[in-house]
Each structure stands twice: as structure tokens, then as C-alpha cells.
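Next come the chains, spelled out residue by residue.
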Amino acid sequence: MILSSPFTASGAHHYEMPLSLRSFTSLNRALLSSSSPSSLLLRGSSLVPTMAASSTTTVSSTDAAPQLNQSTPSPPPVQVAKRLEKFKTTIFTQMSSLAIKHNAINLGQGFPNFDGPDFVKDAAIEAIKAGKNQYARGYGVPDLNSAIASRFQKDTGLIVDPEKEVTVTSGCTEAIAATILGLVNPGDEVVLFAPFYDSYEAVLSMAGANIKCITLRPPDFAVPLEELKSVVSANTKAIMINTPHNPTGKMFTREELEFIAQLCKENDVLVFTDEVYDKLSFEMDHISMASLPGMFNRTVTLNSLGKTFSLTGWKIGWAVAPPHLTWGVRQAHSFLTFATSTPMQFAAATALQTSDSYYEELKRDYLAKKAILVEGLEAVGFVVYPSSGTYFVVVDHTPFGFENDVAFCEHLIEEVGVVAIPTSVFYLNPEEGKNLVRFTFCKDEATLRGAVERMKHKLRKR
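These numbers come from a predicted model, not from an experiment. (Residues numbered from 1 in each chain as written. Predicted model: local features only at pLDDT ≥ 70, side-chain atom pairs only at ≥ 80, totals over all residues. Heavy atoms only, no water.)

Colleague: How would you sum up the nonpolar core? Please name residues and give values.
Modeller: Of all hydrophobic cores here, the largest spans 135 residues; its most connected members are Phe193, Phe382, Phe439 and Met455. For this core, the element with the highest residue contribution is helix α12 (residues 356–380), accounting for 9 residues. (Core = buried A, V, L, I, M, F, W, Y, C linked by side-chain atoms within 4.5 Å. Buried < 20%, exposed > 50% of the residue type's maximum accessible area, 1.4 Å probe, protein only. Helix = DSSP H or I, 4+ residues; strand = E, 2+ residues; numbered from the N terminus.)

Below, the structure is given as C-alpha cells:
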């Protein structure tokens, strides 16, 4: 079975999607519930309700009435706009569903299995009790906008106007959507670095953008500078970067950022930079693109509360940009969500005003978790690639003999009881990611050790 998309953004590379190669067929079987009169079918990568096979009812009477055949009507086909047809249900939803079904340890989706700090949760409770429960101002409550501006200045040295240059959104994913939909026109060229967070491609497709893709390759996932230079031109509207980088854990170096900055200035290109993991930088200091000379006026910096404070369910994000770019971001934001949860915004303001000791302790805790996972994965037999930031580690699964990443992850869930994410879903050409899978270490140490032990005892080379 090969998944192919009838839609590609204008001018974008068109790849057939060999994400299954038997894999999604097997995932279908794993999600089917045979004991129910109706079930869920994983169609391509999308969960679709289906009815059971048609039934026959026999009616008889003393008058020997004829037999009646009553077939259950088929449900109408699912409908989705062509620009979203290829995306289906996200891999995170699929893998989390299978984790529950097989009682597997979920090292796939990047949400902590421990709670955020009490002082932030207490601030949310206090805001709710104080009656801060109605619509917030569209671009953010003043307390949070000011806290974001202060934090941004401390991190980058740049002074921004909280009223004109900070927009609060419902998570960074919405900030990404508002930025792209508010600033990118149909047919505009936007450069992505693969592998990439899956919402980038989806939103660019919604915007009708022409996607140009540069692949970062193991072991260090360095930016191929000359290849990038050959792609960027006067036709390029924006470059999307993510540092620290999901899924690889790569951090863009100063040399790479300065090279990208120079290309942007020479060709009048914008930069959209996703920095949600900025406080989880381990081997080097995080550098924000906006802080480089001449770059603030052409950069939208995207961030959120969830990763840093282990409160991913709150969905508090933001975009920092000069007024002429903020205008487009806010126009789109107004018609996406309009406003974000009011009490959580007040709590987020409290969180961002915490001392630097919180971030130092956070980094120490994650370094310990990372060591458990990395050492365990190496002992199991994976080729583990360096991760300088985020709470993800990418490994090469090929020593275990599986044909691709999805087949390996399926086996890992069903036979070993551990969940990882196949990285092929993060590429325009899935073949480029078929040898790699992603694990997360944003779990408590007992969970990480338990996952490692399962792999040591049950995962064998074929």
C-alpha cells in the first residue's frame, strides 16, 4: 500500500508517501476492535468510523410472509479539502492510541508524565477564583505581554514593546499558523529544514505556499550551507527554522545562523523561528535569530510556556515581531482563536517572572533523564545521534533489521511494549527518514529505566 497525495503546494516537490510498506495496514489491524458492532479503521493514516458488515434479518409469521433483507446503509465517505488530504491523523495520535492498546511505555509524543511547578498552578487557581474567566484581550492580557517582553529582553538583549510587538496565542502551534497564514501568500516560496515539526508543512499547504526543502542529515544534522544558498532567491518569502530542533535535538550554530541571516538580508527574506525548546539547550548556548545584527525587523520569534514549565495542556504561546509583521500575525490570530485562556495567561505571567534558578534546575533534571535514555539506547544496540537540545533523541534503528521506521515502531509497540515515533513523517520525502526513529526523555526516571529494560530483554536483531 502506498499513500500518495493528490495535492501538493504549487511548485513543491511531489513525493509518493511509502509510509506503510505494510506498516499502516498493520496499524489498521492494531486499532480495529473486533468485539464492537462498529470500529475504527485507520484509512491511510486517518481514523475513520466504519460500520460492521451488513446483517440480514428474517421475518416470519403464520401467513408465511416473505423474507426481508435489510442491509445497514454505508456511512458517507469522509470529506476533507484537497490541501489537507495528505495529512490525515497525526502520527502522535496514532502512536499514543497504540500505546494505550498495548500497555506500552510511551516515549513517543513529547509531553511530560510529571506535573508542572506548584507556584504556576497556584497562580492559575488564584486567577480563576479572582474572576479572571471571561474573554481576554485578543493579543494577550497586559501582564503576560509585559512578562514575555521582559523575558525576551533578558534572553536576547532586545527591548520590545509588549503592546505592539508581542502577540499571545493558543500554544506555539497557533503562533506558527497565525504567522504563516498572516504573512504568506499563495505561491510564495518558503524554505523548510527536514526533518520538521509536522504542522509546518500542513499550515504552509493551507496557505498555498510553494515549499522548498533542505534536508539535515546525520550524524550532526548540519545545515548544508551551499545547498541552502542555491535555493534561496528573490522569490523566497521566508525561511522557517527550529532551534533547538525537533526531532533531532540539533542546535543551529552561530555560523549557520549568521549564514542564514546574510542570505535573508541579501534577498529580502523573512525568518520564522520556532524556539519552544530554548531553555532545554545542553551542549551550547541558545542563540535567537532576532538577536543577530539587522535581523529583528525581518524575524518572527515563536515560543510557548508548555515545554519549559511541563504544562503542555495549557496551550499558551506567543509571537514576538516588529509592528509591521505583528500586524499580519494578529490579523490571522483574530480569526483563528481570537483570544487565549484568561486565567492561564495570568499564571503564565507568574511563570515567566521566576528566577533563573528554575531554568538551571530544569536543565539539570533533563540532563539526568537524557543520560539514562542515551546510555540505555546505546546498550540496547541503537546508533544514537547527538542531541544538543530539546528532550528528544534520534537513533538509527537499522541494526535490528527492519525495512523502515514505521515497521520498526510497530514491532517496538506490539512486541516490546515501548513507543517511539517514526521520523519519516517529518520529511517531504519519507524515504529520507526511514532509518531513523525518535525517542523522548521527558518522562520520570522510573519510566525511562522501565522502557530501557523492556528493550534490553525483548528487542532482538533479526
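Colleague: Give a description of the packing of α12 against helix α14 (residues 445–458) that names residues and reports values.
Modeller: With their axes 9 Å apart at the nearest point, α12 and α14 run at an angle of 0 degrees to one another. In terms of orientation, α12 and α14 fall into the roughly parallel class. Here α12 contributes Ala368, Lys369, Ile372, Gly376, Leu377, Ala379 and Val380 to the contact with α14, which in turn contributes Glu445, Leu448, Arg449, Val452, Met455 and Lys456. (Axes fitted to C-alpha atoms, helices over the stretch in contact; angles between N-to-C directions. Parallel < 35°, antiparallel > 145°, perpendicular 65-115°, else oblique. Contact = heavy atoms within 4.5 Å.)

Colleague: Could you give an account of the sheet that holds strand β6 (residues 210–215), with specific residues and numbers?
Modeller: Taken in spatial order, the 7 strands make up an open sheet running β4-β10-β9-β8-β7-β5-β6, and their pairing is mixed. With one partner strand each, in any of the chains shown, β4 (166–169) and β6 form the two edges of the open sheet. In this sheet, adjacent strand axes meet at a mean angle of 20 degrees when their direction is disregarded. Note that strand β7 (residues 236–242) and strand β8 (residues 270–274) share 5 bridges and pair parallel. Residue asparagine 242 lies in a different strand from β8, and its bridge partner there is aspartate 274. Packing of helix α10 (residues 323–336) onto the sheet brings it into contact with β4, β8, β9 (299–304) and β10 (317–320), and relative to β4 it is tilted by some 20 degrees. (Pairing = 2+ DSSP bridges.)

Colleague: Could you give me a rundown of the pattern of salt bridges, with the residues and numbers involved?
Modeller: Tallying each qualifying case throughout the model produces 17 salt bridges. For the salt bridge of lysine 154 with aspartate 356, the shortest nitrogen-to-oxygen distance reads 3.6 Å. Here lysine 154 is found in helix α4 (residues 142–156), whereas its partner aspartate 356 is found in helix α12, with 202 residues between them in sequence. In this structure, the salt-bridge partner of aspartate 155 is lysine 279, at a minimum N-O distance of 2.8 Å. (Salt bridge = Lys/Arg side-chain N within 4 Å of Asp/Glu carboxyl O.)

Colleague: Break down helix α13 (residues 405–416) for me, with residues and values.
Modeller: Taking burial as the measure, the 12 residues of α13 include 9 buried ones, the bulk of the element. Those residues of α13 that sit buried are Asp405, Val406, Ala407, Phe408, Cys409, Glu410, Leu412, Ile413 and Val416. Where α13 begins, one side-chain oxygen reaches toward the backbone nitrogen of valine 406, 3.0 Å away; that side chain belongs to asparagine 404. Once α13 finishes, glycine 417 follows within two positions and takes phi at roughly 85 degrees, a positive value. (Polar contact = N/O pair within 3.5 Å; in protein donor to acceptor, adjacent residues only side chain to side chain.)

Colleague: Hey, could you go over the packing of aromatic side chains for me, with residue numbers and the actual values?
Modeller: Within this structure, the stated rule accounts for 20 aromatic pairs. Their ring planes at 80 degrees and their centres at 6.5 Å tell us that phenylalanine 119 and tyrosine 358 sit as a pair that is edge-to-face. Residue phenylalanine 119 is found in helix α3 (residues 118–129), and its partner tyrosine 358 is found in helix α12; the two are separated by 239 residues along the sequence. Residue classification places tyrosine 358 among the buried residues on the basis of a relative accessible area of 16%. Residues phenylalanine 382 and phenylalanine 439 carry aromatic rings whose centres are separated by 5.6 Å and whose planes lie at 70 degrees to one another, so their mutual orientation is edge-to-face. Placement of phenylalanine 382 in the loop between α12 and β11 (383–384) and of phenylalanine 439 in strand β15 (residues 436–440) is noted, with a sequence separation of 57 residues between them. Taking the relative accessible area as the measure of exposure, phenylalanine 439 reaches 0% and is therefore buried. Taken together, Phe114, Tyr277, Phe282, Tyr366, Tyr391, Phe392 and Phe441 form an aromatic cluster joined through their ring pairs. Here the basic side chain of lysine 279 rests over the ring of tyrosine 359, its NZ or CZ set 4.9 Å away from the ring centre. Over the ring of phenylalanine 111 we find lysine 443; its NZ or CZ atom is 4.1 Å from the centre of that ring. (Phe/Tyr/Trp six-rings, centres within 6.5 Å; stacked < 30°, edge-to-face > 60°. Lys NZ or Arg CZ within 6 Å of the ring centre and 35° of its normal.)

Colleague: With reference to specific residues and values, describe the pairing of β7.
Modeller: With 6 of its 7 residues buried, β7 lies for the most part within the structure. Pairing geometry for strand β5 (residues 189–194) and β7, over 3 bridges, is parallel. Paired with valine 191 across the strands is isoleucine 239, a residue of β7. Since β7 and β8 lie parallel, the crossover through helix α8 (residues 254–267) that links them has a hand, and here it is right-handed. (Right-handed = clockwise from strand over helix to strand, strands pointing away.)

Colleague: Give a detailed account of the packing of α4 against helix α11 (residues 342–352), specifying residues and quantitative values.
Modeller: At a minimum axis separation of 8 Å, α4 and α11 run at an interaxial angle of 25 degrees. Here α11 runs roughly parallel to α4, going by the angle between their axes. Remark: the crossing between α4 and α11 carries left-handed chirality. Along its contact with α4, which presents Asp143, Leu144, Ala147, Ile148 and Arg151, the element α11 presents Gln345, Phe346, Ala348, Ala349 and Leu352. Partitioned by chemical class, the residues of the contact of α4 with α11 number 7 nonpolar, 1 polar and 2 charged. (Left-handed = near helix turned anticlockwise from the far one by under 90°. Nonpolar A, V, L, I, M, F, W, Y, C, P; charged D, E, K, R; others polar.)

Colleague: Please provide a residue-by-residue account of the sheet that holds β11, values included.
Modeller: As summarised here, the arrangement of the 4 strands in space is β11-β12-β15-β14, forming an open sheet in which the pairing is antiparallel. Each end of this open sheet is capped by a strand with a single partner; those strands are β11 and β14 (421–422). Two elements, β11 and strand β12 (residues 392–396), share 2 bridges in a ladder whose sense is antiparallel. Considered in β12, the bridge of valine 384 is made with valine 395. Lying on the sheet, α13 is in contact with β14 and β15; it crosses β15 at an angle near 45 degrees.

Any functional reading would require information beyond the geometric quantities listed.
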